[in-house]
Amino acid sequence: MNSTLFVDLDGRSYGAEEIFDALKETGAQDCKALFIHSDIMFGNVAAGFNRRDYLQTIDQVFEDLKLDCLLVPTFTFSFCNKEDYDIARSRTSMGAFNEHLRKKSGRYRTWDPLLSLSVPMHLKTNFQNPGEHSLGEGGGLDSVHQMEDVKFLFFGSRLGECFTYVHYVEKMMDVPYRFDMPFSGMIIDEDGNRHASRQYMHTACYGVKPANYYYFEDYLEEKGFLKKKRLGNKYVACLSERDAYREITKMLGKDMNYFLETPFRTADLIPKYTKGANGERVTHC
């Protein structure tokens, strides 16, 4: 029976079947690997479902898609926050479902102390030797780009809010309004051993204002590259990695300011890092 999992603002009930159908309609199953950005609160959780049951039900829906290659960002920005990066214990700020998946058996978490990924164990060799640039060659997102037939899934999240992949392409194009900021700290491996490490992140220059990319999301949907389906109070949307890379590159080629709130000036291009300067936790690039 398709029992109610959550209820939206209009009082409509949704269960596992509706989630499965939404994923199918957006083409989430038509790929070799699915990279998931998630925000799973599609509505009010039904009575009787605790947090664990809710996550396991959603997990089972993805199992039913019969995809054996789910990738999720498990970013921690640990070194940015002056913290050790504990591969086994450092929680991700990328959502409850991503945290749920990364703790499952049979998965490998990368050693990136800023932008780690959780991948199936059979992909370990693809990701176990990351470069020292989180958004550069050899980084997790670069490894994703080298794979075949990958799709990005925005599962309740919005591309305009969370698509860190844009910054990877900006790094590949060496945009002038971002710079490589080094961070140092300790990585604690799966066996508890400590390793001193330095990691770079391509981050915005002081004075530059990155935009939210809702207009890019709309563009991708209008062109048919982004398949979107309403689910409860939010959306499920899917986009191929190849389409994403091509279109981001194209937009930057036409207008270097495309992903900025306002065009940058020469005076803005100051390689100064200010995130977390007032004690707030760093949670984005």
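Residues numbered from 1 in each chain as written. Predicted model: local features only at pLDDT ≥ 70, side-chain atom pairs only at ≥ 80, totals over all residues. Heavy atoms only, no water.

## As for the sheet that holds strand β6 (residues 85-86)
Ordered in space as β6-β10-β11, the 3 strands form an open sheet in which the pairing is mixed. Strand pairing shows two members of the sheet lacking a second neighbour, β6 and β11 (194-204), which therefore form its edges. Pairing analysis gives 11 bridges linking strand β10 (residues 178-188) to β11, with the strands arranged antiparallel. Across the sheet, residue P182 finds its bridge partner in β11, namely Y200. (Pairing = 2+ DSSP bridges. Helix = DSSP H or I, 4+ residues; strand = E, 2+ residues; numbered from the N terminus.)

## Notes on empty space enclosed by the protein
Counted by the stated rule, this structure contains 1 cavity of 30 Å³ or more. Its boundaries defined by the atoms lining it, the largest cavity holds a volume of some 30 Å³. Along its surface, the largest cavity is lined by F75, D112, L115, L117, S134, G140 and L141. Taken together, the residues of the lining of the largest cavity break down into 4 nonpolar, 2 polar and 1 charged. (1 Å grid on protein atoms, 1.4 Å probe; cavity = no way out; pocket = protein on both sides within 12 Å on 5 of 7 lines; lining within 4 Å. Points joined across faces, edges and corners; volume = space filled by probe spheres on them. Nonpolar A, V, L, I, M, F, W, Y, C, P; charged D, E, K, R; others polar.)

## A few points about the packing of aromatic side chains
For the coordinates displayed, the defined rule picks out 22 aromatic pairs. Ring centres 5.7 Å apart and planes at 25 degrees place the aromatic pair F6 and F42 in the stacked group. Taken together, the positions of F6 in strand β1 (residues 6-7) and F42 in the loop between β3 (33-38) and β4 (44-45) put the pair 36 residues apart, joining distant regions of the chain. There is no split in this pair, since F6 and F42 are both buried. Seen from their ring centres, F216 and Y219 are 6.2 Å apart, and the 15 degrees between their planes marks the pair as stacked. Taken together, the residues F216 and Y219, both in helix α8 (residues 214-222) and 3 residues apart, mark about one turn of the helix. (Phe/Tyr/Trp six-rings, centres within 6.5 Å; stacked < 30°, edge-to-face > 60°. Buried < 20%, exposed > 50% of the residue type's maximum accessible area, 1.4 Å probe, protein only.)

## Thoughts on the pairing of strand β8 (residues 117-120)
Of the strand pairs in this sheet, strand β5 (residues 70-73) and β8 are connected by 2 bridges, and their pairing is antiparallel. Within β8, the residue paired with P73 across the bridge is L117. Across 3 bridges, the pairing between strand β7 (residues 107-109) and β8 is antiparallel. Bridging from a neighbouring strand, R107 pairs with P120 of β8.

## Description of the packing of α8 against helix α9 (residues 241-254)
As a packed pair, α8 and α9 sit with axes 12 Å apart at the nearest point and diverge in direction by 120 degrees. If you check the angle between α8 and α9, you find them oblique. Crossing angle aside, the handedness with which α8 passes α9 is right-handed. Along the contact surface, α8 presents F216, Y219 and L220, while α9 presents E247, I248, K250 and M251. Of the residues that constitute the contact of α8 with α9, the class distribution is 5 nonpolar, no polar and 2 charged. (Axes fitted to C-alpha atoms, helices over the stretch in contact; angles between N-to-C directions. Parallel < 35°, antiparallel > 145°, perpendicular 65-115°, else oblique. Left-handed = near helix turned anticlockwise from the far one by under 90°. Contact = heavy atoms within 4.5 Å.)

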